[in-house]
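Structure at a glance
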Amino acid sequence: MGETELGIDTETAAPAHLCVSDYFYGKSRLNALTFKVNAVAAAVAVTNAAFELEWRRWSVQLPLYYSNLDYFSHRVKFRTGVIQPGVRYWFAPDRVVGHTGFFAGAHFGIAWYNMSFGGTDRIQDRDGRTPALGGGLEGGWRRTLGRSGHWKLELSLGVGVYSARYDLIDNTTGVLRHTSSKVFVGVDHVGVTFGYSLDLKKKGGVVTW
C-alpha cells in the first residue's frame, strides 16, 4: 500500500481515464438531474426537451415534443405534441461519471397529431382532442463527452402499442371524409440525444456508494 504526496491511497485512487478532480473532491454522480435534447427530432423541426432524474440504478424521465409547422407547403406537415414519461434501469452506473453504459426501460405515451405528406388526405386525432394513448419498452446506451463528465451522448430506441381514433380529412378542402380507429404497433422513439447532468448530491472526501 502506498500514498501520494497528497495522501491519496494509490490502491483505491480513481483510474487514470477518469476525471481526477471529480474523484478527489468526491462528486458522486449517482444522484443527478440531466437535461436533454433529441437531435433526431430537432432535425425535422420538432422542438423537444427532456428532464431525467437519476438515482442509483434507476432513473425517471419526462420527454416533451412539440411542432406546429408546415414543411414548405400546407400539404406537407407533421404537427404534434407528445408527452412520453418513463422509467429506466441502468445495468452498470458509474459512481464517478454517473449513469452511463446500457439501460432498459418502459414508458407511457400520449400524442396529439395532424399529419400530411403531400397526398390528397391528412390525418388528425379525432376533433383535435383525442390523442393516441399507449406505451412501450425501450433500450439504449449512454457515454460521457469530454473530461468534466457533465456532458452526455445517448443512443436509444423504443417500440410501443397505441390506440388511436382519428379523422381522415381532405387535404385541400378540409372536408371530413371519415373517422377511424386503429391500434398502432411499432417504433415510437428514436433518439440521438445530447444532455447535461447536474449533480444533486456531493460528499467530501473519496466517493462512496
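My aim in this report is to walk through the structure given alongside it, one point at a time. Just so you know, these numbers come straight off a predicted model, no measurement behind them. (Residues numbered from 1 in each chain as written. Predicted model: local features only at pLDDT ≥ 70, side-chain atom pairs only at ≥ 80, totals over all residues. Heavy atoms only, no water.)

**Points about the environment of His-178**
- Structurally, the position occupied by His-178 is in strand β11 (residues 176-199).
- Taking the relative accessible area as the measure of exposure, His-178 reaches 39% and is therefore partly exposed.
- For the pair formed by His-178 and Tyr-166, sequence separation is 12 residues and the distance between their alpha carbons is 8.7 Å.
- Setting aside residues up to four positions removed in sequence, His-178 forms contacts with Tyr-166, Asp-167 and Leu-168. (Helix = DSSP H or I, 4+ residues; strand = E, 2+ residues; numbered from the N terminus. Buried < 20%, exposed > 50% of the residue type's maximum accessible area, 1.4 Å probe, protein only. Contact = heavy atoms within 4.5 Å.)

**Some details on the side chain of Arg-122**
- Inspection of the secondary structure puts Arg-122 in strand β8 (residues 121-125).
- This buried residue, Arg-122, is left without a salt bridge; Asp-167 holds the nearest opposite charge, at 7.8 Å.
- Of note is the side chain of Arg-122, whose polar atom sits 3.1 Å from the side chain of Asn-114.
- Here Gln-124 takes part through its side chain, which lies 2.9 Å from a polar atom of the side chain of Arg-122. (Lys, Arg positive; Asp, Glu negative; His and termini not counted. Salt bridge = Lys/Arg side-chain N within 4 Å of Asp/Glu carboxyl O. Polar contact = N/O pair within 3.5 Å; in protein donor to acceptor, adjacent residues only side chain to side chain.)

**Considerations on the pairing of β11**
- Alignment of strand β1 (residues 31-38) against β11, held across 7 bridges, turns out to be antiparallel. For Thr-34, the partnering residue across the bridge sits in β11 and is Ser-197.
- Both strand β10 (residues 151-170) and β11 contribute to a ladder of 19 bridges, which runs antiparallel. Across the sheet, Val-161 pairs through a bridge with Val-185, a residue of β11.
- Taking the residues between adjacent antiparallel strands as the criterion, β10 and β11 are bridged by 5 residues, where Gly-174 takes a positive phi near 80°. (Pairing = 2+ DSSP bridges.)

**A word on unusual backbone geometry**
- Within the chain, Ala-45 stands out as a residue other than glycine whose phi angle is a positive 65°.
- You can see Ala-45 is positioned in the loop between α2 (39-43) and β2 (47-55).
- Since its relative accessible area comes to 33%, Ala-45 is described here as partly exposed.
- With a phi angle near 50°, Arg-56 is a residue other than glycine that sits in the positive phi range.

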